[in-house]
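Chain residues, written in single-letter form:
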Amino acid sequence: MKYNFNAIEKKWQKIWSERQTFKAENNSEKSKYYVLDMFPYPSGAGLHVGHPLGYIASDIYARYKRHKGFNVLHPMGYDSFGLPAEQYAIQTGQHPALTTEANIKTYRRQLDQIGFSFDWSREVRTSNPEYYKWTQWIFIQLFESWYNYESNKAEHVDTLVKVFEADGNQNINAACDDDTEVFSADQWKAYSKVEKQHILLKYRLTYLAETEVNWCPALGTVLANDEIVNGVSERGGHPVIRKKMTQWSMRISAYAERLLQGLDTIDWTDALKDIQRNWIGKSVGASVTFNVTASEAKQSHQIEVFTTRPDTIFGTSFMTLAPEHELVSQITTEAQKAEVEAYIEATAKRSERDRMADVKTISGVFTGAYAEHPFTKEPIPIWIGDYVLASYGTGAVMAVPCGDQRDYDFAKHFDIPIPNIFEGVDISEEAFADKDKTIIANSDFINGMNYKKATKRVIYELEQIGQGKGKTNYRLRDAVFSRQRYWGEPFPAYYVDGMPQMIATEHLPLTLPEVEKYLPTEEGEPPLGRATHWAWDTDQCAVVSNQLIDHETVYPLELNTMPGWAGSSWYFFRYMEDAKRNEVFASEAALNYWDSVDLYIGGSEHATGHLLYSRFWVKFLYDRGYVSVNEPFKKLINQGMILGTSAFVYRYNWSLGIDGAISKPPIFISKTFLDKIKSKDYALSDNCEAIDSIIGELSSKHQAVFMEAQIRSFPFTAIHADVSFINAANELDIRKFRDWREEFAEAYFIDSEGKLINEDNGVFHVERDVEKMSKSKFNVVNPDEICEQYGADSLRLYEMFLGPLEQYKPWNTAGITGVHGFLKKLWKLFHQGENNTFYVDASPLGKSEGAESFKTLHKTIKKVEEDIENFSFNTSVSTFMIAVNELTAQKCASKAILEPLLILVSPYAPHIAEELWEQLGHMESIATAPFPKFEEKHLVESSKNYPISFNGKMRFTLELPLDMSKEDIEKTVLAYEKTQEQLQGRTPKKVIVVPGKIVNIVG
RNA sequence: GCUGAAGUGGUGGAAUUGGUAGACACGUUGGACUUAAAAUCCAAUGGCCAUUAUGGCCGUGCGGGUUCAAGUCCCGCCUUCAGUACCA
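Overview of the structure.

Conventions adopted
Residues numbered from 1 in each chain as written. Chains lettered and ligands numbered in written order. Predicted model: local features only at pLDDT ≥ 70, side-chain atom pairs only at ≥ 80, totals over all residues. Heavy atoms only, no water. Patch = residues over 30% accessible without salt bridge, like charges linked within 9 Å, V, L, I, M, F, W, Y side chains within 5 Å. Areas by Shrake-Rupley, 256 points an atom, 1.4 Å probe, with all protein chains shown as cover. Salt bridge = Lys/Arg side-chain N within 4 Å of Asp/Glu carboxyl O. Helix = DSSP H or I, 4+ residues; strand = E, 2+ residues; numbered from the N terminus. Axes fitted to C-alpha atoms, helices over the stretch in contact; angles between N-to-C directions. Parallel < 35°, antiparallel > 145°, perpendicular 65-115°, else oblique. Left-handed = near helix turned anticlockwise from the far one by under 90°. Contact = heavy atoms within 4.5 Å. Nonpolar A, V, L, I, M, F, W, Y, C, P; charged D, E, K, R; others polar. Buried < 20%, exposed > 50% of the residue type's maximum accessible area, 1.4 Å probe, protein only. Near = heavy atom within 4 Å. Polar contact = N/O pair within 3.5 Å; in protein donor to acceptor, adjacent residues only side chain to side chain. Pairing = 2+ DSSP bridges. Lys, Arg positive; Asp, Glu negative; His and termini not counted.

### Focus on a nonpolar patch on the surface
Here is step 1 of the chain: A cluster of nonpolar side chains, namely Ile992, Val994 and Ile998, defines an oily patch on the protein surface of about 190 Å² accessible area.
Here is step 2 of the chain: Within the element layout of this structure, Ile998 appears in strand S38 (residues 998-1002).

What follows is the structure, given as structure tokens:
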């Protein structure tokens, strides 16, 4: 019988599906274990071999846990709202729901063929109304909550209103907008309904506010900070500008401290925790209030700054405000007005990207105003400068040039004094910022103190004069939550007198209406502004034409939709529910039973997005009593990326020429030859036959272009060639390449010798380089083909065999023959003799052979179990290979050995394991067969092949009994002839004997 | 700049608490089988030197150190990758 992997894999995938082998039970005697993958966005490109890496790892762990007797929840679903489907819809008119549905079908087929043990009965899709009903519901709960720093948790706004009624907001310690005014209980009671709502909005955990947002004109939407990478949008790489807009935001900043503290309670890698810690960016210091003195303004002003170095306050020689700071216009003197306004305008024009790219240029303007130093009462000039960010702290700094390099550079540039307040430090060249070595001088009451003492004292003194206090600042900003897009969750909100109101929860879900086009309206409203009919109508009210009609009164609806991370922030709870109840997002029993995710595997690119937002929502749901866990993911592993090996060809860059209008045949040049001519030991004009002949063939106009450009430089640029045109020797299939794109049909190819070649004569070598696997780089490898050619088990094994799970590693399909060969050898262990008939002996083996085989088995059990527990899957694949090689050499055919071996292999290569398991006579799936127990007795050795080293260098080995005493080992080794040979008559100074390990002779 | 991770053969990568560096594969070379190819099997494979064989020297990014013994520990660098970017 042959190892027919295609048939075997199909057979078992069908059986698993029919028998629901991997369905998790919500009521079970067994202990629970929850293994989760980050659910995919179903893109049109389908899966490439990089995608399943994490899924394979989690699947191995899930299967292992089943063998270990756990009731395992291992679900899968789709993050099915998102930009690409909508961009596609804009281009083609195809409804995103249809494209998404089609993409999901492809994903499902591709996932199924790899043989994952998912419980598909629990599948979720974030774009399904019965799912996003609960996303909307959570949004409403957030809207109806505020954060109480006193109890340190979120509470219903009713409790806030009670406080306002009793005491106003003067003594409350709550998370709120910076510009919240102070009022008394009487004032509160006097406010109108709308005014009250306006104030409450400043406290809600999701709120509407005019803020500076990242606007992406190309996508026509705002983006959150984590959706911007290097100043451009994460999706599509479009430029992003700052813009003031009224948007929904999430008050995640209220949770900054708890998100930070919570990291200590979870088992994530330090690398990932550090990314989140940096993103939260806690800094401890003080807020200090400076009074503006010499201003021409009639009313008096105060400038609040945040500093982490209150101890350096006596070194303040100027202040700097962000150009956008609200006080700038009020304090600027007449004389400076023109200059200041010009500067503000110039700064506003610069894009975020320019400002980022250009850190070195120092710019700023003096406002003409002065502030008074809180202690010395000296006047301090107030400047504006774009090195101060409006969005961090208070948008203003007290500049201490001797202690901060940026202030130092600014002071030097504008000739502002740099007073030295450090003892024994030279600041003539640069600022001194080392806290630990700081001794304060020239600073009145803190002279001679260190950083810690001085800081404490300054804060105390500031409090005494009412001009400051200790303060902690976080870099974490509130997250913008609205998107001006179609394909997302509609907000369950409408407006009354301009104030947002939530739709009653019994009317949820508010389903996404149909629109004609997926573009903004002519009035600039989001696409939902085009909707004429919304799906639900009830007795009390109806939604028609962008409006909610309630008892004859008409109210406008919210037309933005939620961002991609809304649905992914809580999906792990929905999986817990086996019955998909409509009345709860997950039943209490399910939530209590499954608790939280025990193992979460996914990419580290979600560190500051999904992984932070999920933690935030879970903490919120916990505060409000909807879930009983504080953190969603107990243990998290980031799988590394599988990289593709791209192929590059170098194309002559015609666009550098003078004429772009005429079509010109592309010229491709071998990298070797290009390097040759670049290195100048090859004079192009003299020797290059190929280029001469190309020029000969070109029209005179083209000739001129080519020659002209040559003179300037060698304008060849690397472009990607599809890796399917490249053979193992890195040679390009020229014919396929020409057929690939119309513009390449007439292309010229110059080989490494500088000769002109075509598909019939000569070879053209491509350059190869490893980069991210992506369709746009033409380096993707499709798992379908791998499964077809080698089988899913080979794919699974090979992905694991490539290297440590968390590491980035290049894909090379050629290597898969190694693991495929292993599976064939495993098959052969069961099918022996001339006809490869199934042959496993149930009777005991001969004595010596049996002992050897038991040793092989048990050393494999030990290693594989340790490996899985440590997520070191690559080393267990090696271990399997060693085991099968050994058992083959031992001619092992014993059921007592081979049966447990199958269970070990089963998590990795489940199809072949099931098939052989069945052939051994089992009627039940191998999936829940108990994991073999390791028994030390099989590994007990009586002797050890000792490495004998001289001065630390191993020279030979010597077999000695393990129970031999130290002294006897020394004696035996010294008496050994090879030892004497090595010593050549010298007497060893010292002999180190480590029993069971090594002997080292020092001489 | 700051934070984190990592540097081992031609390649992917192994190596318990410091104890035989290069497991297991890929690739390459040679051989067997075959009309041939594929498949399969066998052998060799870190570098250098020497050889009939035995053998010797050098080797885990670089420079130091600790130790009987260092890929592993300590100090100082270099390089690559990732995150962050005027965070006061």
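### Looking at the packing of helix H3 (residues 83-92) against helix H4 (residues 96-112)
Here is step 1 of the chain: Two elements in contact, H3 and H4, have axes separated by 9 Å at closest approach and are oriented at 125 degrees. One finds that H3 runs oblique with respect to H4. Handedness of the crossing formed by H3 with H4: right-handed. Contact residues: Ala85, Glu86, Tyr88 and Ala89 in H3; Pro96, Thr99 and Thr100 in H4.
Here is step 2 of the chain: Per-class residue counts for the contact of H3 with H4 are four nonpolar, two polar and one charged.

### Quick word on helix H31 (residues 910-919)
Here is step 1 of the chain: The element H31 is extensively covered by neighbouring structure, given that eight of its 10 residues are classed as buried.
Here is step 2 of the chain: Within the sequence span of H31, burial applies to Pro910, His911, Ile912, Ala913, Glu914, Glu915, Leu916 and Trp917.
Here is step 3 of the chain: Of the residues flanking the end of H31, it is Gly921, one or two places downstream, whose phi is positive at about 110 degrees.

### Let's talk about the protein's contact with RNA strand B
Here is step 1 of the chain: Near RNA strand B you find 51 residues, and of these Thr308, Arg406, Arg475, Leu802 and Lys997 are the closest.
Here is step 2 of the chain: Considering RNA strand B, the proportion of its atoms within 4 Å of the protein that are sugar or phosphate atoms stands at 63%.
Here is step 3 of the chain: Within the backbone of Tyr387, an N or O atom sits 2.8 Å from a sugar or linking oxygen of RNA strand B.
Here is step 4 of the chain: One of the side-chain nitrogen or oxygen atoms of Ser878 is found 3.5 Å away from a base nitrogen of RNA strand B.
Here is step 5 of the chain: When residues of the surface near RNA strand B are traced back to their parent elements, those giving at least two are helix H10 (270-280), strand S11 (302-307), helix H27 (816-830), helix H29 (873-889), strand S35 (943-950), strand S36 (953-961), strand S37 (990-994) and S38.
Here is step 6 of the chain: The element contributing the most residues to the surface near RNA strand B is H29, with six residues.
Here is step 7 of the chain: Here the surface near RNA strand B is built from residues that sort into 23 nonpolar, 17 polar and 11 charged.

### Thoughts on unusual backbone geometry
Here is step 1 of the chain: At the junction of Leu508 and Pro509, the peptide bond is cis and its omega measures out at 0 degrees in the coordinates.
Here is step 2 of the chain: For Lys377, which is not glycine, the phi dihedral falls at a positive 65 degrees.
Here is step 3 of the chain: Inspection of the secondary structure puts Lys377 in the loop between strand S13 (365-372) and strand S14 (379-384).
Here is step 4 of the chain: Within the chain, Phe778 stands out as a residue other than glycine whose phi angle is a positive 55 degrees.
Here is step 5 of the chain: In this structure, Phe778 sits in the loop between strand S31 (767-772) and helix H25 (783-790).
Here is step 6 of the chain: Phe778 sits in the partly exposed class, given a relative accessible area of 23%.

### Description of the sheet that holds strand S2 (residues 71-73)
Here is step 1 of the chain: Spatial ordering of the open sheet is given by S2-S1-S24-S25, a layout of four strands whose pairing is parallel. Whereas interior strands pair on both sides, the edge strands pair on one side only; in this sheet they are S2 and strand S25 (636-638). On average, each strand axis in the sheet is inclined to that of its neighbour by 20 degrees, with strand direction left out of account.
Here is step 2 of the chain: Of the strand pairs in this sheet, strand S1 (residues 32-37) and S2 are connected by three bridges, and their pairing is parallel. What sits directly across from Tyr34, in S2, is Leu73.

### Examining the side chain of Arg574
Here is step 1 of the chain: Mapping Arg574 onto the fold places it in helix H17 (residues 571-574).
Here is step 2 of the chain: No salt bridge is formed by the buried Arg574. Its closest oppositely charged neighbour is Glu577, at 6.2 Å.

### So, the pairing of S14
Remark: a regular strand shows side chains that alternate across the two faces of the sheet.
Here is step 1 of the chain: Counting buried positions over the six residues of S14 gives five, a clear majority of the element.
Here is step 2 of the chain: Where strand S12 (residues 318-321) and S14 come together, three bridges link them in parallel fashion. Among the inter-strand pairings, Met319 is bridged to a residue of S14, identified as Ile382.
Here is step 3 of the chain: Bridging between S13 and S14 involves five bridges; their strand directions are antiparallel. Across the sheet, Phe366 pairs through a bridge with Trp383, a residue of S14.
Here is step 4 of the chain: Connecting S13 to the next strand, S14, in antiparallel fashion are six residues, including Lys377 with a positive phi near 65 degrees.

Nothing here speaks to function; it is geometry throughout.
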